[in-house]
Amino acid sequence: MGIGELDREAHVPEGSGGGTGGGTGVGAAAPRTLAEALRAGGDDTLTALLRARPDLLSPVPNDLTQLATRAGTRASVVRALERLDRFALQTAEALAVAPDAAPYPVLLGLMAGDAGDAEIEAALPRAVALLREQALVWGDDERLRLVRTARELLAPSAQHPSPTGLGPTVAEATAGMSPGRLQEIIAAAGLPTTHDPVSAVAALTELFTDRTRMAALLDTAPPEALTVLDRLVWGPPYGEVTPDPTAPVRWLRDRGLLLPVSARTVVLPREAALHLRGGRAHAAPEPVAPEIAVTREYRPQVVDNAAAGQAYAALATVEELLKSWNQGGPPVLRAGGLAVRDLKRTAATLDVPEQTAAFWLELAYGAGLLASDGEADEKYAPTPAYDDWLDLPPAERWSRLAATWLAATRTPGLVGAQDAKGRTLAAFGPGLDRGAAPEVRHRVLALLATLPPGAAADRESVLARLRWDRPLRGAAGAGAGDLRERIAAWTLEEAEQLGVTGRGALATPARALLNLPLAEAAPASGHPGDCEPAVAASRAATLLAPLLPEAVDHVLLQADLTAVAPGPLRRPLAETLSVLADVESKGGATVYRFTPASVRRALDAGRSASDLHDFLTAHSRTPVPQPLAYLIDDVARRHGHLRVGAASSYVRCDDDAMLGEILADKRSAGLGLRRLAPTVLAAQSDPTALLEGLRAMGYAPAAESAQGDVLITRADAYRTPDRIPPAPVPDGPPVPDATMLTAAVKAIRAGDRAATVVRKEPAATPVAAGSLPRTSAAETLATVQAAALTGSAVWIGYVNADGAASQRVIAPVRVEGGFVTGYDHTADEVRTYPLHRITGVAELADEEI
């Protein structure tokens, strides 16, 4: 004998259903359908449903019947189930194995068991209310009904075992069994025989659900038989048996405790399993969410200061990245995106790991600061929006980056991974969008916000809480390493790099960005996210601004050809100094180093030696050191002595001896130089290569135009055309705002009144239920004219220009020129309809609209 564990498969039968609502219905008949339950509820019920399930609004349903039908479709129900927390999902799973229209005490027994559980008893009302709000459960506490599609998805079957580990009921497992075999089973179980299979199944079910009689039956079982049951009780309930099973298995099979599914497979009936479990549907109900553990607590000021320092470093990193691409960045791959070698080069420039470099690249790309230029030899470069971004105050620049990061669906953590076809995912390339990313980021930060200000959360406890919040979504990604958990882990890292958190704790500006209540203020709204994103970003910038270091307007020049910036420099000073010197080290104070190449770069940009002396004198708190002054004068004296232009290219110089020296230098062989005149050399190389070659030889040539003027090169010369940042690609419709919800509820209620209003049917031409009224053109005109005179409302059938038919309740006010104008109760506005598109008209039996 062998009891084997069956493979679990994710097959889900197709189905649709309807029926849920707030269903208390005091003083009224219990609702029979989901539409009736929604109709009995108030506008708050509809608003909560549409907020929780925004997919039901695409497009806005015409009435409550259409809304209920849409809420019962498989795709919508699956999406709603995926958004349930673990306990609410366990409650739905328990309802799926309970009898349809289960009373609340039955559900409580399935969740808490015969012994009861105080935590479950306290948490179950919230779970049932959530299921009702999501239109997954409807009916009052005497008849709780799980919508049919959800029951089909969650109920156990041989192809789709339930997460509860329960099997089919006795009635389901014995379907198709011969009446004689049924009589043998109930006789072996000590029950009197019956005259039909239905009563036999009922008697066996009653035995298994009677705690006292079932316990007495199991007391007579062999110990080995109880061991077999122990292996099946928590699932899977199916087991394999040999053609000649052992005596304990025969004992169980003879009494119906194991029922045959096939020649080699048996199943433990649901009622028997529940008895063995003490009435519990789940082995480990989780009514309480896991706590977020705190690793360390800091003063809130320490967290805010650390986050502000990291925010400023983030701005400097983005500026450094885009400044390095000012003359045009790396090329675009043919398949789109950035090559691996270019990503490595960028990481080396920023002195960060490649994954971190991918984060900064994608952040700048998502904010619209970086894009491809669209030229024939396409390459990446800063956009004009980058210059506008630089003109903003530092706090506003940060809030724009942080808001972009929160809403982005592109996931930089995937860079370097492979897609389903084995292709490597590249930065800027396709395949990086993950619709769940914004939701996970918001949820992770919201969990951090539940801790006391200054408290740093334990990473593993945050991930455990996310698994409890969305168990189905986590399970769906388990085969791929659980993408949601990886996004959550990346969120914690990226939030620290961006300055959203400081030392692992959520900073105050980030709370404002998330529209969360601040310590000194009440919540901005009842639902986080109701505040406009632009307003939230502005609040965050306002809170961050005082925490950022104040920009300084001076440096300290030193005799070793370096300059120390004691803090962040003001923009004009920083831009000029970045051209005149190279950054040698960063930190609390930035160290710049002056070199011949950096001084020549400033001279190429149009500065003269006197300009550079004046600039350093004006912005240095220390005297200009003599070595630095000599360096500037020496480079300036040689700068432009040679001139390079386009012939293919040429070199001209008033000093023919210097040209002779260049020709004699072996290093110039690759430039293809030859003398055309005493002061002119021609070259086979292009001007750019000639400039670089001469500079490598130690000269300081200057480029000149066709008119002989020196060309001035500037660092910010190249920009892409205006580009639109990549739009997020969410995995579902966005949560509607309050205005949209109010308008949708009003439209659905109006459409429902039009669809259900009592009307007078013409005696000669009765109208079938649900069909449009049909009247002749003359009758239609006469009826609407009479309604306009009396100010009454009528019911009309209308076909629009696209051929879509609908029914409406209107109050005509004017009929002329082949048109009727009136107040449309369905649309809640005044409209004009062509009479030839009205299929018919009927008077209302009740004028109360």
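Above this text you will find the structure in question.
Presented here is a report on the structure given in the accompanying data block. None of the values given here were measured: they were computed from a predicted structure.

Rules behind the numbers
- Residues numbered from 1 in each chain as written.
- Predicted model: local features only at pLDDT ≥ 70, side-chain atom pairs only at ≥ 80, totals over all residues.
- Heavy atoms only, no water.
- Helix = DSSP H or I, 4+ residues; strand = E, 2+ residues; numbered from the N terminus.
- Buried < 20%, exposed > 50% of the residue type's maximum accessible area, 1.4 Å probe, protein only.
- Contact = heavy atoms within 4.5 Å.
- Areas by Shrake-Rupley, 256 points an atom, 1.4 Å probe, with all protein chains shown as cover.
- Pairing = 2+ DSSP bridges.
- Polar contact = N/O pair within 3.5 Å; in protein donor to acceptor, adjacent residues only side chain to side chain.
- Axes fitted to C-alpha atoms, helices over the stretch in contact; angles between N-to-C directions.
- Parallel < 35°, antiparallel > 145°, perpendicular 65-115°, else oblique.
- Nonpolar A, V, L, I, M, F, W, Y, C, P; charged D, E, K, R; others polar.
- Core = buried A, V, L, I, M, F, W, Y, C linked by side-chain atoms within 4.5 Å.
- Arc of directions from axis to C-beta.
- Salt bridge = Lys/Arg side-chain N within 4 Å of Asp/Glu carboxyl O.
- Phe/Tyr/Trp six-rings, centres within 6.5 Å; stacked < 30°, edge-to-face > 60°.

Glancing now at the overall build of the protein chain. Secondary structure summary: the protein chain contains 34 helices and 25 strands in total. For the protein chain, buried positions account for 47% of its 849 residues. Put simply, 66% of the contacts in the protein chain that link residues at least 6 apart link residues at least 24 apart. With an accessible surface of roughly 39,300 Å², the protein chain has 54% of that area assigned to carbon and sulfur atoms.

Here the focus is the sheet that holds strand E4 (residues 259–260). What the 3 strands build is an open sheet, ordered E3-E5-E4; its pairing is antiparallel. Since the sheet does not close on itself, it has two edges, and those belong to strand E3 (238–240) and E4, each with one partner. Pairing analysis gives 3 bridges linking E3 to strand E5 (residues 265–267), with the strands arranged antiparallel. Looking across to E5, one finds that Gly239 is bridged to Val266.

Structurally, Arg410 is set in the loop between helix H20 (394–407) and helix H21 (437–449). A residue is classified by how much of its surface remains accessible, and Arg410, at 12% relative accessible area, is buried. Only 2.7 Å separates the side chain of Arg410 from the side chain of Glu362, close enough to count as a polar contact. There is a polar contact of 2.8 Å between the side chain of Arg410 and the backbone oxygen of Gly429. Those residues in contact with Arg410 that lie beyond four places of it in its chain are Glu362, Tyr365, Phe428, Gly429, Leu432, Asp433, Arg441 and Pro726.

On to the packing of helix H18 (residues 354–366) against helix H24 (residues 483–498). H24 packs onto H18 with a crossing angle of 70 degrees between their chain directions and a minimal axis gap of 12 Å. As the angle between them shows, H18 and H24 are arranged roughly perpendicular. Contacts from Thr356, Phe359, Trp360 and Leu363 of H18 reach H24 at Glu494, Gln497 and Leu498. Residues of the contact of H18 with H24, tallied by class, amount to 4 nonpolar, 2 polar and 1 charged.

Looking now at the nonpolar core. Leu50, Leu67, Leu204 and Phe208 are the most contacted members of the largest nonpolar core, which has 94 residues in total. Looking at this core element by element, the count peaks at 8 residues for helix H5 (residues 86–97). Grouped together as the second largest cluster of nonpolar side chains are 71 residues, Ala314, Val318, Ala510 and Leu513 included.

Here we take up the packing of helix H17 (residues 340–350) against H18. It is at 9 Å that the axes of H17 and H18 come closest, and there the two elements cross at 95 degrees. Between H17 and H18, the angle is such that the two are roughly perpendicular. In this structure, H17 uses Leu343, Lys344, Thr346, Ala347 and Leu350 to contact H18, whose residues at the interface are Glu354, Ala357, Ala358, Trp360 and Leu361. Looking at the contact of H17 with H18 residue by residue, the classes come out as 7 nonpolar, 1 polar and 2 charged.

Attention now goes to the pairing of strand E21 (residues 794–799). Among the 6 residues that make up E21, 5 are buried, leaving the element largely enclosed by the rest of the structure. Looking at chain direction, E21 and strand E22 (residues 805–816) are connected through 6 bridges and run antiparallel. Its bridge partner lying in E22, Tyr798 is registered against Ser806. The hairpin turn running from E21 into E22, its antiparallel successor, is 5 residues long, and Gly803 in that turn takes a positive phi close to 85 degrees. Judged from the 5 bridges that link them, E21 and strand E25 (residues 838–843) form a sheet pairing that is antiparallel. In the sheet register, Gly797 faces E25, and the bridge partner there is Gly840.

The residue after Ser58, namely Pro59, is reached through a cis peptide bond having omega -10 degrees. Structurally, Pro59 can be placed in the loop between helix H2 (43–52) and helix H3 (64–71). A cis geometry characterises the amide bond from Gly235 onward to Pro236, with omega recorded as -5 degrees. Of note, Pro236 is situated in the loop between helix H13 (223–232) and E3. Of note in the backbone geometry, Ala135 takes a positive phi value of approximately 60 degrees without being a glycine. In this structure, Ala135 sits in the loop between helix H7 (118–133) and strand E1 (137–138). Under the relative-accessibility criterion, Ala135 is labelled buried at 1%. The phi dihedral of Leu561 falls on the positive side, at around 65 degrees, and the residue is not glycine. Mapped onto the elements, Leu561 comes out in the loop between strand E12 (556–558) and strand E13 (562–565). By relative accessible area, Leu561 is classed as partly exposed at 22%.

For the rest of this paragraph, the subject is helix H12 (residues 211–219). Those residues of H12 that sit buried are Met214, Leu217 and Leu218. Within H12, the buried residues cover an arc of 95 degrees as seen down the axis, which keeps them to one side. Turned more than 90 degrees away from the buried face of H12 sit Thr212 and Asp219, all of them exposed. Contacts made by the buried residues of H12 are with helix H11 (197–209), H13, helix H14 (247–254) and helix H15 (270–276).

Tallied over the entire structure, the rule returns 36 salt bridges. Note that Asp342 and Arg345 form a salt bridge whose closest N and O atoms lie 2.6 Å from each other. In this pair, Asp342 and Arg345 both sit in helix H17, 3 residues apart, roughly one turn of the helix. Taken together, the salt bridges that share partners define one network made up of Arg83, Glu439, Arg470 and Arg484.

The next thing to look at is the packing of aromatic side chains. Both the distance between ring centres and the angle between the ring planes are used here to describe each pair of aromatic rings. All told, the structure shown has 6 aromatic pairs when counted by the stated rule. Between Trp325 and Phe428 the ring centres are 6.5 Å apart and the planes differ by 80 degrees, which places this aromatic pair in the edge-to-face class. Remark: Phe428 occurs in the loop between H20 and H21 and Trp325 occurs in the loop between helix H16 (300–324) and H17; sequence separation between them is 103 residues. The interplanar angle of 70 degrees and the centroid separation of 4.7 Å between the aromatic rings of Tyr798 and Tyr833 together place this pair among those described as edge-to-face. Taken together, the residues Tyr798 in strand E21 and Tyr833 in strand E24 (residues 829–834) connect sequence positions 35 residues apart. On the basis of relative accessible area, Tyr798 is assigned to the buried category, the value being 11%. The class for Tyr833 is buried, based on a relative accessible area of 4%.

So, on to the sheet that holds E24. Strand order across the open sheet formed by 5 strands is E24-E23-E22-E21-E25, with antiparallel pairing between neighbours. Both edges of this open sheet fall to E24 and E25, since each of them pairs with a single strand only. The mean angle between the axes of side-by-side strands here comes to 45 degrees, regardless of whether they run parallel or antiparallel.

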